[in-house]
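Chains, contacts and geometry: an overview
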Amino acid sequence: MLDTIPGVALAAIGLAVLAAYYRLRSDRPAMSFADGGTASVTVGLTGTEKPAGILRWFTTVDHKDIGLLYILFGTAAALWGATDAMMIRTELLVPESAVWNVETYNAVFTTHGFTMLFFFVTPVFTGIANYVLPLLLGADDLAFPRINAIAFWLLPPSLVMVRGGLITDVIGMVVGVLPVDVTLFEALEPVAMGWTMYTPLSVEMANPQISVALLGLHLSGVATTMAAINFIVTVFTERPPELGWDKLDIFSWNILVTSALILLAFPLLGSTLIMLLLDRNFGTTFFAIEGGGPMLWQHLFWFFGHPEVYILVLPAFGLVSLILPKFCGRRLFGFRFIVYSTIAIGILSFGVWAHHMFATGMDPRLRASFMAVSLAIAIPSAIKEFNWIATMWNGRLRLDAPLICIIGAMSTFVVGGITGVFLASVPVDLVLHDTHYVVGHFHLIVVGVIPLAMIAASYYWFPLITGRMYNQRLARAQTVLLIIGTFVTFIPLLILGYMGMPRRYGIYPTEFITLNQIASLGAFLLGVSVFLWLVNMIQSARVGPVVRDADVWNLKETGQFTREWQWFEDRLEERRGKVEPEGDPGSESETTRAVDPDDDAES
Ligand code: HEM
Ligand SMILES: [Cu+2]
């Protein structure tokens, strides 16, 4: 008792100092960057106040800039994770371990998973939401612009920590030619435990880089949670009064539900990672046999892990629901039911985690109940699919690149989703668990639905973001190639799984060779397709034809010219000098200029 008193006193003094500091701060005249979304209204915060050049990107708190940073970061991470994927598929071209050694193979599928799930999918969706959600709501910015910036800037260091082993390996090799001690670099090997980090393996592997990676994942979880809180508060507090819940657009609805899932799931992952760190470094026994045992890890991990798969996919569903009607010339069929199904998926997703553990020898009665809930979650998913199809029914379809992406996403979701329903059935899962069937199932979604929805968004909003148009023929060809590549890569994996090929092995019996080679061919098609997308985006952002009419997609005709496009139109008109720019007289000189992609985020 006695020794706690100084601690409590210290804490009290600390709090008092903090309180005094904030009192003082709040007495000062209003800061130009108040953490409220109203900053731009009250102080006329325009782009001209941003520092020029590269400094702008390091100091920005503008949601559009941060959105672009997120998208760039996520794309870069995706390319890194895709390099891993190409390495995996190259090794699997031949049955023996001929290309990489087994350790490298194990490391590569581990970092592939981490990079794609934590540093590609969620950051890119956060970026898209950052850019368009305030525009869709009619808000000036997110509720906490600075927290937004902090959340983003935590991601690059966490990626470096998670992938550290490879980086230190390369540094070690380069520095190793000089007469210096490289033991530290060599000690940190790439992690090779699988993205699910199952104990006891993850506790007992000596590689210290594992602990660094766990800290990196923890940090990325903090960043993701901060972004989620920001979105939740924004949707609740930054909506204009006339925008009721029934009028909230479908993408914002999906981001709201996704953020709620993040808020409930990621802190749990964070605590679980800390327990693993303690077990590894401080002799605790959370996951030791005499403690909670390896099953405790699996329960905690999958209680996060299953909601995580919906955290990944719900924003994609949001984009499909938002973009699809624009190219069908009709309103989204069953808007309400799509919202309800999103919420239902969100709730149910916390009740199915043990379907990842059917093969562990858990109580059969528990297994049965998890099977029932897992089968039930297919219902809201199917409701979405039916509503999308009904939206297209009798619509006037315009097969522009965004719609082709969306149709592709709907198709891959049918196969990806239904294969999941099979897995949810205990007797089937006992046969297929840990085979390539599971890999095929989830990749049809994480490579089919998710990137296709992102690319649909990129083709849909590219003119709004850059003020320029891309090469539409190339875009259509790229999308078709991506859809073909997805099926060519992952349908063979489903069959390989049925044939009994286990996942996470770099070596396999020769009877599996043909299907593996087809899958690798598909993966290279995917690579080509992504390359074409990249070329189109970069080249068009630089020299694509300038957009002069904001109604790029003829949305006015069908009454679907939504807020973000209205914002774009206002901005174009402002630039043309039809409308006096508000507030800052400094921007008057810009009014006669054509749309310049370099100042896309200025007004
Ligand atoms: C239609 C609803 C779905 C059902 C019923 C379902 C069911 C399942 C089941 C039972 C497993 C475990 C298989 C095993 O390891 O033996 C599984 C694995 C997986 N599913 Fe699904 N799934 C569904 C949708 C999704 C979606 C939408 C995603 C992704 C966005 C997804 C991603 C995954 C992933 C990543 C794994 C593998 C995790 C791992 O072991 O590394 N699933 N699914
Ligand atoms: Cu699951």
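Since the model is a prediction, treat every value here as computed from it, not as a measurement.

A few words on the environment of M193. Looking at the element boundaries, M193 is found in the loop between α9 (183-187) and α10 (201-204). Residues M193 and F109 lie 84 residues apart in sequence; the distance between their C-alpha atoms is 8.9 Å. Excluding its chain neighbours within four sequence positions, the residues that come into contact with M193 are T110, F114, L201, S202, M205, I210 and L214.

Taken together, 21 residues lie around ligand 1, and W195, D429, H433, H441 and R503 are the ones closest in. In this structure, an oxygen atom belonging to ligand 1 sits 2.5 Å away from a side-chain N or O atom of H433. For ligand 1, a nitrogen atom lies 3.0 Å from a polar atom in the side chain of H441. Secondary structure elements with two or more residues in the shell around ligand 1: α13 (294-323), α17 (401-424) and α19 (436-466). Counting residues per element, the shell around ligand 1 draws most heavily on α17, at 5 residues. Looking at the shell around ligand 1 residue by residue, the class counts come to 12 nonpolar, 7 polar and 2 charged.

Coordination of the iron atom of ligand 1 by the protein comes from a single atom, H441 (NE2), at 2.2 Å. Between the iron atom of ligand 1 and the copper ion (ligand 2) the interatomic distance comes to 4.7 Å. Assignment of secondary structure puts H441 in helix α19.

Right, let's get into the environment of R336. Note on placement: R336 falls in helix α14 (residues 335-348). Each C-alpha atom, one on R336 and one on I250, is 9.4 Å from the other, the two residues being 86 residues apart in sequence.

This part is about the packing of helix α15 (residues 364-376) against helix α16 (residues 378-392). Close contact between α15 and α16 brings their axes to 4 Å; oriented N to C, the two are set at 10°. Between α15 and α16, the angle falls in the class roughly parallel. Listed contacts from α16 to S374, L375 and A376 of α15 are A378, I379 and P380. Classifying every residue of the contact of α15 with α16 by side-chain character gives 5 nonpolar, 1 polar and no charged.

With that settled, the discussion passes to the packing of aromatic side chains. For any two aromatic rings, the description comes down to two numbers: the centre-to-centre distance and the angle of the planes. If you walk through the whole model with that rule in mind, you get 35 aromatic pairs. Aromatic pair F118 and F266: ring centres 6.3 Å apart, planes at 90°, arrangement edge-to-face. On the criterion of sequence distance, the pair formed by F118 in helix α5 (residues 102-137) and F266 in helix α12 (residues 250-281) is long-range, its members being 148 residues apart. Using a relative accessible area of 4% as the deciding quantity, one classes F118 as buried. Centroid distance W195 to W302: 6.0 Å. Interplanar angle 90°. Geometry classified as edge-to-face. Pair noted here: W195 is in the loop between α9 and α10 and W302 is in helix α13, with a separation of 107 residues, a long-range link. With respect to burial, W195 and W302 carry one shared label: buried. The rings of F114, F118, W195, F266, F286, F287, W297, F301, W302 and F304 are connected pair by pair, giving a single aromatic cluster.

Looking along the chain, the bond that leaves T199 and enters P200 is cis, with omega of 0°. Here P200 lies in the loop between α9 and α10. Despite not being glycine, R504 has its phi angle at roughly 65°, a positive value. The residue R504 is located in the loop between α20 (472-499) and α21 (513-543) in this model. Positive phi, close to 50°, is recorded for N554, a residue that is not glycine.

On to the pattern of salt bridges. Inspection of the entire model under this criterion finds 7 salt bridges. For R365, the salt bridge is made with D363, and the minimal N-O distance between the two is 2.8 Å. Exposure remark for D363: the relative accessible area of 30% places this residue in the partly exposed category. For K556, the salt bridge identified is with E569, shortest N-O distance 2.7 Å. Here K556 is found in the loop between α21 and α22 (563-576), whereas its partner E569 is found in helix α22, with 13 residues between them in sequence. Note on K556: relative accessible area 41%, which makes it partly exposed.

Confidence along the protein chain averages 89 in pLDDT terms, with 88% of residues attaining 70 or more. Low confidence marks residues 27-47, where pLDDT is under 50. Its contacts with residues over four positions away, or in another chain, come to 30 contacts. Between residues 581-603, whose pLDDT stays under 50, and residues either more than four places distant or in other chains, the model counts 44 contacts.

For α16, which comprises 15 residues, the first-to-last C-alpha distance of 21 Å matches the rise-based estimate of 21 Å (1.5 Å per residue) to within 8%. Residues of α16 that are buried: P380, S381, K384, E385, N387, W388, A390, T391 and M392. The secondary structure elements touched by the buried residues of α16 are α12, α13, α14, α15 and α17. Looking one or two residues past α16, N394 carries a phi angle of roughly 60°, positive in sign.

At their nearest, the axes of α5 and α19 sit 11 Å apart, and the two run at 30° to each other. The element α5 and its partner α19 pack so that their crossing is left-handed. From α5, H112, F120, V121, V124, F125, I128, Y131, V132 and L135 reach across to α19, where they touch H443, I450, M454, A457, W461, L464 and I465. Residue composition of the contact of α5 with α19, by class: 14 nonpolar, 2 polar and no charged.

This next bit is on the environment of I379. Topologically, I379 is positioned in helix α16. A C-alpha to C-alpha distance of 9.4 Å links I379 and A344, two positions 35 residues apart in sequence.

Within the largest apolar cluster, 161 residues are counted, with the highest numbers of intra-cluster contacts made by F118 and W461. When near neighbours in sequence (up to four residues on either side) are disregarded, F118 contacts P123, W195, L217, S220, F266, L269, F304 and E308.

Reading the values: the criteria
Numbering of residues starts from 1 in each chain and follows the order in which that chain's sequence is written. Written order decides the labels, with chains lettered from A and ligands numbered from 1. Only residues with pLDDT of 70 or above have their local features reported here, since the model is predicted, and side-chain atom pairs are shown and tallied only from 80 upward, although totals for entire chains, interfaces and linings are computed over all residues. With hydrogens and water stripped out, all remaining heavy atoms of the structure feed into the side-chain values. Secondary structure follows DSSP: runs of H or I at least 4 residues long count as helices, runs of E at least 2 residues long count as strands, and numbering of each begins at the N terminus. Note on contacts: a residue pair qualifies if any of its non-hydrogen atoms lie within 4.5 Å across the two residues. Throughout this document, a residue counts as near a molecule or strand when at least one of its heavy atoms sits within 4 Å of that molecule or strand. Any pair of N or O atoms that falls within 3.5 Å is considered a polar contact. Within protein, one atom must be able to donate a hydrogen and the other to accept it, and sequence-neighbouring residues count only if both atoms are side-chain atoms. Classes in brief: Ala, Val, Leu, Ile, Met, Phe, Trp, Tyr, Cys and Pro nonpolar; Asp, Glu, Lys and Arg charged; the others, Gly included, polar. Atoms of type N, O and S within 2.8 Å of a metal are treated as its donors, and for Na, K and Ca the window is 3.2 Å; water is not considered, so some sites may appear to be missing partners. Between N-to-C directions, angles cover 0 to 180 degrees, with each direction set by a line fitted to C-alpha atoms, over the stretch in contact for helices. Between 65 and 115 degrees an angle is taken as roughly perpendicular, under 35 as roughly parallel, over 145 as roughly antiparallel, and anywhere else as oblique. Aromatic pairing here means that ring centres of Phe, Tyr or Trp (its six-membered ring) are within 6.5 Å. Orientation follows from the plane angle: under 30 degrees is stacked, over 60 is edge-to-face, and everything else is tilted. Here's how the labels work: a residue is buried when its accessible area is under 20% of the maximum for its type, exposed when over 50%, partly exposed in between, all with a 1.4 Å probe on protein chains only. Should a side-chain nitrogen of Lys or Arg be within 4 Å of a carboxyl oxygen of Asp or Glu, the pair is scored as a salt bridge. One number per residue, pLDDT, summarises how confident the predictor is, and it ranges from 0 to 100. Every helix has an expected span of 1.5 Å times one less than the residues it contains. By convention the crossing between two helices is left-handed if the near helix lies anticlockwise of the far one by an angle smaller than a right angle, and right-handed if it lies clockwise. By nonpolar core is meant a set of buried Ala, Val, Leu, Ile, Met, Phe, Trp, Tyr and Cys residues that side-chain atoms within 4.5 Å join together.

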